[in-house]
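Residue-level listing of the chains:
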Amino acid sequence: MAGVREALDRRRGRPGGRLAGAVRWVGAGLFVAVVLALVWSLLAGAEPAFARDGLRFLWGGSLDRTGTAYGAGPFVVGTLLTTAVALLLAVPVGIGTAAMLSELAPRWLAGPLSILVDLIAAVPSIVVGLFGLLVLSPLFGRDVGPFLKELPLLGRLFGGTLEGGSSVLLAGVILAVMILPTMVALTRTAFAGVARADREAALALGATRWQVVRGAVIPGARSGIRAAFTLSVGRAVGEAIAVALVIGNRPAVPHSLLAPGATLGSYVVTQFSEAAQGLPRARIVGLVVVLLVLTALVNGAGALLLRKRTTAGGTP
Amino acid sequence: MPSPTPDTIPTTVGESAGLLGRLAGEARPAGDDRAAGPSEIAVRLSEVSVTFGGHPAVRHVTLDLPARQVTALVGPSGCGKTTLLRAVNRMHDETGATLSGTIHLGELDVYGPETRPELVRSRIGMVFQRPNPFPTMSIFDNVVSGLRFNGIRNRALLAEAAEAALVQAALWDIVKDRLQHSALELSGGQQQRLCIARALAVEPEVLLMDEPCSALDPIATGKIEALISELRSEITIVLVTHNMFQAARVSDLTGVFLLDEDRVGELVEVGPTAEVFSSPRDPRTLEYVTGHIG
Amino acid sequence: MTLAAPLFTDEAAEARRRLVRGSALRTLGRRRLRGRIATALCALALVLALAPLAALLGYTAYRGLGSLSVAFFVHTATPPGIPGGGIADAIVGTLVIVALAVLAAVPLGLAVALLLVDRPGRVAGVIRFAADVLTGIPSIALGIFAYAVVVRPMGGFSGLAGSVALAVLMVPIVIRADEEAMAAVPTDLREAGLALGAPRSRVLRSVVLRGAVPGLVTGNLLALARAVGETAPVLFVIGVGAFGSRVGWNPLHPLAAMPVDIYENGTAAFPAQQAGAWGTALVLLLFVLLLSVTARIVAARLNRKAR
């Protein structure tokens, strides 16, 4: 092997090889430079906003005379609320779908159906948003909203006066549709990581098919499901276009799930072009910075979980 | 199945007598500590064939497994031993293999139309090639997992059964102070004994062991073999192994599987272990045995 | 075997056996029922997961088909309220913007991925971290970035700015896909090349690249599909609301794009514009689905051939 390596090192000196290597290094350098420039341009763009309001920008909520909020507070709340609604819907549905496709459905059915679920991921967010805006929003304003308000106990979540269908709730529903493919795909990966031997162990002890899933597969996939969860959160927090179309974009903390609100992303989408140069625009860019921090926190947690899982699983 | 007459046994018998003698010497005298007389049959296989996707893996196996004895199934890899073993507790239900012939567990028709596979499996335990404790469970939860699957929730009962099973598997003294630790903290051999304890906790009548030592070192293997000898008096054991000496050391009966001319597994010969190794009736057995102990 | 405690007598074992058997038999019906209920719930989840897709595809087709005509494809957009507009400008704009983004992102991503496969180590760690950071960044941030580095310096909106944003969006996806495709090439193939004395760079190029072709094609097509449908990165930078009367090809000028078209017309009050949005949505949807289905078919076809 040493001989091979020496021969390799000698050959690497050839100009052709060196050029190919150089191209790759230039590419890598360019890539890292772009990432740095991206982060820098956002921080620089937001600098005036933080310079004026300091860290208060993170949670402040009052409006200035132009109607532009100077704090990220209402938008952070909106982002967290819509994400929570989306997760409440997408996590159980996603895990159930994954269990059906990976464990319970016969293979001839699971194959084509999982392709369909994957296709949801390919649908552009603008199309989902359009459907939400022109179809679901009227439906929510006319039927779903009044129905939810009448619910005992739960109705409190949907209090206040109805103002059309555009609402935090609808934004959450739309987000749920959008993060579902991520949730399903990653949960299925987690299920696939559970050894056949574990399933057989449970089966051989007299477990029913569902007990095998419940007792061996889901516990074995738990860390993977957790990672699927955090990555779905990351997607939900960062999605802007579809939410902007259905949430109503009111820069205030929503008083009910049926009230309009705004998320960090949706407010940037609707206000960036309209904001005047200078402080108003810096504040919008500042919202992007806050969004970046939020997604970094979530994705960091997700990456940590994934890494932990791969080291715990070990490589054969 | 052709039954050869003694004069068809090749002359190599004389040359290999030493090796066969060694094997036969290791074999325990048949029925040493049991009352004489015809023993009851725990599992009865008759004309069993298993087919995967149109290709038969093993066929026409007729075999009686006497209660509270160890039956070893030996043979080259790919000759259907494991396939046959997994047919006994209906593990093939999930893999799409088809089975013909009948298997009876006592009075129960294992593949009968009214028979629930879950109930069959809770009466027939299984130990696999590689130790497979549930990786996310504690030692205790592993041992009682079978009981929980079968609907037992009473804590005192679970604790009692866990202790009994761990003592039976010669593991109690090692793990009694760390029952809540992860099962993955144990060594490979200990994990395999934990899997045996897990199977025993359900109090099966039959224990199927599929090359349980193939992933273990010699010392751990010795402990498992000692365990099998201990359990012999209480439970019917079927042991698939490729190790002829292991079969000779721990089994009462030995069945030899070989590939027939169509490359399908068949049971060539079955009988008391000492007899199968010292004076096989079938020339193919002799050829296989002498070829695999040198 | 120790028979010290009553736990270990034959009677105790027999009692336990009867108990387990009884429990297994008694609870089996309940256990199976629970399994059936759980399976039914999972099936319901599957239906709930697929229902939005069905509703979305069905309704978009229903509303969109009404707008589709030859004129819809060859005419450009008309000012709000004037009927009879088409999306020729948006289709061409999207093609130009995405083509430029692909030209930048695909080679760059491949170069970086080659480096990652060839030289694992600290440099690879830094690059991979950068790729992870970029993957996690919301796409809206890329629009702001393109605005800062292209629109401001150039003094105006341009298709090029959109291409830059989409390229940055695609690069981490391409890197990840390319790296995975190359890592999936069996190592013994690679070592066989090395043992023959081929230079390292050539081994990489010929053996690994050829083996990775299905994965490379699939991954890049999926990245492309993603870029085609993205709205947020291009919304602020390509020149919204420029209802051009002609099809623009020059990326240095403002360009239209299908997703932005949908956004603008979908949020407009005129029913005619909304109808146009559905038509554009259908075209975009078909285009994106075609790309991702093609990607999967290519992967399956080439995989089979490799075997």
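Every chain's residues receive numbers from 1 upward, in the order its sequence appears when written. Written order decides the labels, with chains lettered from A and ligands numbered from 1. Only residues with pLDDT of at least 70 get local features here, since the model is predicted, and only at 80 or more are side-chain atom pairs given and counted; chain-wide, interface and lining totals rely on the full set of residues. Here the side-chain values reflect all heavy atoms present in the structure, with hydrogen atoms and water set aside.

(A) Molecular detail of the interface of chain A and chain B. Contact residues are listed per partner, giving 18 residues for chain A and 24 residues for chain B. Between chain A and chain B the total buried area reaches about 1600 Å² when both faces are included, carbon and sulfur atoms providing 63% of it. Joining two parts hides part of their accessible area as seen by a 1.4 Å probe, and the buried area is that hidden amount summed over both. For chain A, the biggest contributors to the area lost against chain B are A:Leu203, A:Ala204 and A:Leu205; these three give 37% of the whole. A pairing counts as a salt bridge when a side-chain nitrogen of Lys or Arg comes within 4 Å of a carboxyl oxygen of Asp or Glu. In this assembly, chain A and chain B are joined by one salt bridge. Among the salt bridges present, the one from B:Arg86 reaches A:Glu200, with a minimum N-O distance of 2.5 Å. Residues count as neighbours in contact if any of their non-hydrogen atoms are within 4.5 Å of one another.

(B) Representation of the interface of chain C and chain A within the structure. At the interface, 76 residues of chain C touch 70 residues of chain A. Where chain C abuts chain A, roughly 6300 Å² becomes buried across the two surfaces, and 80% of that area is made up of carbon and sulfur atoms. Counting across the interface, chain C meets chain A through one salt bridge. The partner of A:Asp118 in a salt bridge is C:Arg296, with the nearest N and O atoms 3.6 Å apart. N or O atoms within 3.5 Å of each other form a polar contact, as long as, within protein, one can give a hydrogen and the other can take it, and as long as residues adjacent in sequence are counted only when both atoms are side-chain atoms. Inspection of the chain C/chain A interface yields four residue pairs in polar contact (both at pLDDT 80 or more). When residues of the side of chain C that touches chain A are assigned to their parent elements, the largest contribution, 20 residues, is made by helix H1 (residues 10-65) of chain C. Charged means Asp, Glu, Lys or Arg here, nonpolar means Ala, Val, Leu, Ile, Met, Phe, Trp, Tyr, Cys or Pro, and polar covers whatever is left, Gly included. For the side of chain C that touches chain A, a count of residues per class yields 54 nonpolar, 12 polar and 10 charged. Helix and strand assignments follow DSSP, with helices taken as H or I runs no shorter than four residues and strands as E runs no shorter than two, numbered in order from the N terminus.

(C) How the structure looks around empty space enclosed by the protein. Any residue with an atom within 4 Å of a point lines the site, the site being either a cavity, points on a 1 Å grid over the protein atoms alone where a 1.4 Å probe fits but cannot get out, or a pocket, an open set with protein on both sides within 12 Å along at least 5 of 7 lines. Grid points are joined across faces, edges and corners, and a volume is the space filled by probe spheres set on the points. Summed over the entire model, instances satisfying the criterion amount to four cavities of 30 Å³ or more. Where the lining of the second largest cavity is concerned, the elements lending two or more residues are helix H8 (196-204) of chain A together with helix H4 (117-123), strand S6 (124-127) and helix H8 (188-201) of chain B. Here the lining of the second largest cavity is composed, by residue class, of nine nonpolar, two polar and two charged.

(D) View of the nonpolar core. If you look at the biggest cluster of nonpolar residues, it comprises 255 residues, and the most contacted ones within it are A:Phe31, A:Leu42, A:Leu264, A:Val268, B:Val43, B:Leu45 and B:Leu166. Broken down by element, this core gets its largest block of residues, 15 residues, from helix H7 (residues 168-192) of chain A. Both domain 1 (4-67) and domain 2 (70-306) of chain C contribute no fewer than three residues apiece to this core. Not counting the four nearest positions on each side in its chain, B:Leu45 is found in contact with B:Val61, B:Thr62, B:Leu63, B:Asp64, B:Leu65, B:Leu84, B:Val88, B:Thr102 and B:Ile103. Put simply, buried Ala, Val, Leu, Ile, Met, Phe, Trp, Tyr and Cys residues joined by side-chain atoms within 4.5 Å make one nonpolar core. For the exposure calls, accessible area comes from a 1.4 Å probe over protein chains only, and a residue counts as buried if that area is under 20% of its type's maximum, exposed if over 50%, partly exposed in between. Judged by nonpolar contacts, the second largest core, of 12 residues, contains B:Val74, B:Met244, B:Val268 and B:Phe277. Annotation comment: domain bounds sourced from an automatic or database domain assignment.

(E) Examining unusual backbone geometry more closely. All names here are of chain B. A positive phi angle, close to 55°, is found at Glu47, a residue other than glycine. Mapped onto the secondary structure, Glu47 falls in strand S1 (residues 41-52). Residue class for Glu47 comes out partly exposed when judged on its relative accessible area of 42%. The backbone of Arg68 sits at a positive phi, close to 50°, despite the residue not being glycine. On the secondary structure map, Arg68 appears in the loop between strand S2 (55-66) and strand S3 (70-74). A relative accessible area of 36% means that Arg68 is categorised as partly exposed.

(F) Representation of the pattern of salt bridges within the structure. On inspection of all chains with the given rule, the structure shows 27 salt bridges over all chains. The salt bridge involving B:Asp93 is made with B:Arg121; its shortest N-O contact spans 3.8 Å. Here B:Arg121 lies in helix H4 and B:Asp93 lies in the loop between helix H3 (81-88) and strand S4 (97-105), a separation of 28 residues in the sequence. Among the ionic contacts, a cluster of salt bridges with common partners joins A:Arg196, A:Glu200 and B:Arg86.

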